[in-house]
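Listed here are the chains, written in short residue letters.
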Amino acid sequence: MKLQGFAAVVAMCSALFSGAVLAHPDAAHVEAQNAWARASVPGQQGSGAFMRLTAKEPLTLVGVETPVAGVAEVHEMKMDGDVMRMRAIEALELPQGVAVDLKPGGYHIMLQQLKAPLAKDTQAPITLVFKNAKGEVSRLHLQVPVRMAAPAGGDAPPAQHGHMH
Ligand SMILES: [Cu+2]
């Protein structure tokens, strides 16, 4: 990860936008809504980030970059018999104009090897990496609010999330 360049970009974003989810003029053709990351407590190794993504052209989410975690992956959760399990996926298809939810109990961004606890009411810089049909790579830089739970008006209470890492 090119941390220095990344930090510079993040700083620029922070200067240009405050609070809500933001997008660069040169960013991926995708909209992120209701993004949030779950606050963690000291000693906790992992957490998750969630949002609704709506692509403006057919895109594939192929990666996650963030300075807050040693490992950031896109995960899916699936029932395996009676047990909910999760695993990393290489790519998440985002059809044009279709809202795809990353939420507790479903697809999510998994943050592992947290470098520091995600403190409530801070923001976590998270960059999503996309590919379009031509294989061109684009990025969406987000400042994701850290919360204890999903924003009001969001989905049902988050399911307990068993981590099988
Ligand atoms: Cu996960």
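These numbers come from a predicted model, not from an experiment. (Residues numbered from 1 in each chain as written. Predicted model: local features only at pLDDT ≥ 70, side-chain atom pairs only at ≥ 80, totals over all residues. Heavy atoms only, no water.)

Enquirer: Please set out the coordination of the copper ion residue by residue, giving values where relevant.
Expert: At 2.0 to 2.2 Å from the copper ion lie its protein donor atoms, namely His75 (ND1), Met86 (SD), His108 (NE2) and Met110 (SD). For the copper ion, the 4 donor atoms in the first shell make angles of 97 to 127° at the metal, a pattern classed as tetrahedral. Along the chain, the residues donating to the copper ion fall in the pattern H-x10-M-x21-H-x1-M. One end of the pair, methionine 86, is in strand β5 (residues 83–88); the other, histidine 108, is in strand β8 (residues 108–114), and 22 residues separate them in sequence. The class of histidine 108 is buried, set by a relative accessible area of 0%. (Donors = N, O, S within 2.8 Å, 3.2 Å for Na, K, Ca; no water. Tetrahedral: all angles 85-135°; square planar, octahedral: opposite > 155°, others 65-115°. Helix = DSSP H or I, 4+ residues; strand = E, 2+ residues; numbered from the N terminus. Buried < 20%, exposed > 50% of the residue type's maximum accessible area, 1.4 Å probe, protein only.)

Enquirer: Let's hear about the environment of lysine 131: which residues, and what values?
Expert: You can see lysine 131 is positioned in strand β9 (residues 123–132). Sequence separation of lysine 131 and valine 62 is 69 residues, and the distance between their C-alpha atoms is 6.8 Å. With residues near it in sequence (within four places) discarded, lysine 131 still touches Pro58, Leu59, Thr60, Val62, Glu136 and Val137. (Contact = heavy atoms within 4.5 Å.)

Enquirer: If you had to explain unusual backbone geometry to someone new, which residues and values would you point to?
Expert: Positive phi, close to 55°, is recorded for glutamine 113, a residue that is not glycine. Tracing the chain through its elements places glutamine 113 in strand β8. The exposure class assigned to glutamine 113 is partly exposed, which follows from its relative accessible area of 47%. With a phi angle near 70°, aspartate 121 is a residue other than glycine that sits in the positive phi range. Residue placement: aspartate 121 occurs in the loop between β8 and β9.

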